[in-house]
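Take a look at the letters that make up each chain.
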Amino acid sequence: MVVKSLRAMVVFTASGVFAACSSSAATVTTSSSAPAPATGVTVYARGAEGNAAPARSIAGPSTGLQFPSAIAVDASGNRYVADRAADSVAVFAGNALGNSAPFRTIGGPRTRLDLPTGIALDKQGDVYVVNRSGNAITVYRPAANGNAGPNRAIAGPATDLNGPTSIALDEQQNIYVTNLGAQSVAEFAPAANGNVAPLRVIHGKRTRLTGAFGITVDRTGTVYVVNSDDHGIEGVLVFGPAANGNAAPSRIIAGSATQLETPSGVAVDASGKIFVSDHGGNSSAGAIRVYAKDANGNAAPAYSIAGSGTRLRPYGLTIAPSGEINAVNKTE
């Protein structure tokens, strides 16, 4: 198997909350007889660690998934998968398993989906998608299906969107977006629509944002950004709720002890634990690393989900309201 660099593939995650996991260290094992990773969705039980097999996996030709990049889960357990290669959002039932077809797919020219790389859901079930090539955020009604146009879109020069990669909503439903091209994080008002300016932008040399990929926001408004830059920081930058402009991170999780190689997605559970998806590379397999809520500096993970039995080559991840850990995987 040949694995391309994350810098070339660039895929991202929705935010995730509401999981509780044990904090004991895990030993990662491998097995040559374990199933190989597959392009699709893998779901792990609440509290999974070590070389844990998925509780369920959605993969196969009937899924229609080509390059799943991000995932979000609603209160009913339905899984929304942004597919950057298909310019679509596929929605799978909560009980979908194996080679299952989505029960809805948003796709077609009216949708304005253009290299969708991040996805999030609000409290009403509206679907928010960032479109990297379109430099736009498109928002769809909960029941949107087929070639459905967005009910609103954030796009235009005033937005400062430049290669947007990931999206998250806070408790007040403010919208947070990472911009790979602009090396920034932008926040928009909940009802933002059209060519509107952000409420604030975190940007500048002191931010250390050189490869801003995944993003999530916890219940306190703290912002967590995966920065994946092989000439800079491979890790997580943490910004306080009031950070704005050329603000330095309050914490940086990076260094050899973190075991992060090509991190892409981030989620924070209700207890504050930090989950980071790592696609790995030619030298290592994929993993989900889990850090203590106050992790800082060159901190080792509290534990990992890793090993050939996990079937991980993850990009986006989220934690469902049930506490299950959901990841989207792409293999070549």
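What comes next concerns the included structure. The residue numbering used here restarts from 1 in each chain and proceeds along that chain's sequence as written. Side-chain atom pairs in this predicted model are given and counted only at pLDDT of 80 or more, local residue features only at pLDDT of at least 70, and totals for whole chains, interfaces and linings cover all residues. Neither water nor hydrogens contribute to the side-chain values; these are computed over all heavy atoms in the structure.

Let's talk about the overall build of the chain
So, step 1. Starting at the N terminus, helices and strands are each numbered in turn, a helix being any DSSP run of H or I of at least four residues and a strand any DSSP run of E of at least two. On a plain count of helices and strands, the chain comes out with 1 helix and 24 strands.
So, step 2. Long-range contacts, defined as pairs at least 24 residues apart, comprise 58% of the intrachain contacts of the chain with a sequence gap of at least 6.
So, step 3. Of the roughly 11,900 Å² of accessible surface on the chain, a fraction of 50% belongs to carbon and sulfur atoms. Residue contacts are defined here by distance: any two heavy atoms, one from each residue, within 4.5 Å place the two residues in contact. For the area figures, the Shrake-Rupley method with a 1.4 Å probe applies, and any residue is considered shielded solely by the protein chains shown.

Comments concerning the sheet that holds strand β18 (residues 251-254)
So, step 1. Across the sheet, which stays open at both edges, the 4 strands sit in the order β15-β16-β17-β18 with antiparallel pairing between neighbours. Each having just a single partner strand, β15 (212-217) and β18 make up the two edges of the open sheet. Across the sheet, the mean angle separating the axes of adjacent strands is 20° when strand polarity is ignored.
So, step 2. Strand direction decides the pairing type here: β15 and strand β16 (residues 223-228), joined by 4 bridges, are antiparallel. Looking at β16, one finds that valine 217 is bridged to valine 223. Here, a strand pair is defined by DSSP locating no fewer than two bridges between the strands. Axes here mean lines fitted to C-alpha atoms, for a helix over just the part in contact, with angles spanning 0 to 180 degrees between N-to-C directions.

As for the sheet that holds strand β2 (residues 56-59)
Strand pairing in a sheet takes place through backbone hydrogen bonds and is either antiparallel or parallel in direction.
So, step 1. If you trace the 4 strands from one edge of the open sheet to the other, you get β2-β1-β24-β23, paired in antiparallel fashion. Lying at the two open borders of the sheet, with one neighbouring strand each, are β2 and β23 (314-319). Looking at each pair of strands side by side, their axes are set apart by 15° on average, direction ignored.
So, step 2. When strand β1 (residues 40-44) meets β2, the two strands line up antiparallel, connected through 4 bridges. The residue of β2 that forms the bridge with valine 43 is arginine 56.

Points about the pairing of strand β4 (residues 79-83)
So, step 1. Partly exposed residues are those whose accessible area sits between 20% and 50% of the maximum for their type, while under 20% is buried and over 50% is exposed, using a 1.4 Å probe and protein chains only. Most of β4 is tucked away, with 5 of its 5 residues classed as buried.
So, step 2. Side-chain alternation along β4 places Arg79, Val81 and Asp83 on one buried face and Tyr80 and Ala82 on a second face that is also buried.
So, step 3. Here strand β3 (residues 68-73) runs beside β4; their pairing, made up of 5 bridges, is antiparallel. Bridge pairing in β4 links proline 68 to aspartate 83.
So, step 4. In this structure, the hairpin formed by β3 and β4 is closed by a connection of 5 residues, where glycine 77 is found at a positive phi of approximately 90°.
So, step 5. Of the strand pairs in this sheet, β4 and strand β5 (residues 88-92) are connected by 5 bridges, and their pairing is antiparallel. Within β5, the position partnered with valine 81 by the bridge is alanine 90.

Thoughts on the environment of glycine 281
So, step 1. Of note, glycine 281 is situated in the loop between β20 (274-278) and β21 (287-291).
So, step 2. Glycine 281 sits in the buried class, given a relative accessible area of 9%.
So, step 3. Taking the C-alpha atoms as reference points, glycine 281 and glutamate 261, separated by 20 residues in sequence, lie 7.2 Å from one another.

Examining the pattern of salt bridges
So, step 1. Here a salt bridge means any side-chain nitrogen of Lys or Arg lying within 4 Å of a carboxyl oxygen belonging to Asp or Glu. Inspection of every chain in the model, using the stated rule, returns 2 salt bridges.
So, step 2. For glutamate 324, the salt bridge identified is with arginine 79, shortest N-O distance 3.3 Å. Taken together, the residues glutamate 324 in the loop between β23 and β24 (325-329) and arginine 79 in strand β4 connect sequence positions 245 residues apart.
So, step 3. On the basis of relative accessibility, which here comes to 2%, the residue arginine 79 falls in the buried class.
So, step 4. The closest approach of N and O atoms between glutamate 187 and arginine 200, which form a salt bridge, is 2.4 Å. You can see glutamate 187 sitting in strand β13 (residues 184-188) and its partner arginine 200 sitting in strand β14 (residues 200-203), a full 13 residues away along the chain.
So, step 5. Of the residues examined, glutamate 187 reaches a relative accessible area of 8% and is grouped as buried.

Notes on the pairing of strand β11 (residues 164-169)
So, step 1. Buried residues dominate β11, accounting for 6 of its 6 residues.
So, step 2. As judged from the 5 bridges shared by β11 and strand β12 (residues 175-179), these two strands associate in the antiparallel manner. Across the sheet, the residue bridging to alanine 168 is tyrosine 176, located in β12.
So, step 3. Hairpin remark: β11 followed by β12, antiparallel, with 5 residues in the connecting loop; positive phi at glutamine 173, about 70°.

Details of the packing of aromatic side chains
So, step 1. Ring pairs are drawn from Phe, Tyr and Trp, using the six-membered ring of Trp, whenever the two centres fall within 6.5 Å, and their geometry is named by plane angle: stacked under 30 degrees, edge-to-face over 60, tilted for the rest. In this structure the tally under the stated criterion is 1 aromatic pair.
So, step 2. Aromatic pair phenylalanine 67 and tyrosine 315: ring centres 6.0 Å apart, planes at 50°, arrangement tilted. Highlighted residues: phenylalanine 67 in the loop between β2 and β3 and tyrosine 315 in strand β23, separated in sequence by 248 residues. In terms of burial, phenylalanine 67 and tyrosine 315 fall into one category: buried.
So, step 3. One Lys or Arg, arginine 84, reaches over the ring of phenylalanine 67 and ends 4.9 Å from the middle of that ring.
So, step 4. Remark: a charge is flagged as sitting over a ring if the NZ atom of Lys or the CZ atom of Arg is within 6 Å of the ring centre and within 35 degrees of the ring normal. Above the plane of the ring of phenylalanine 67 lies lysine 330, whose end atom (NZ or CZ) is 5.4 Å from the centre.

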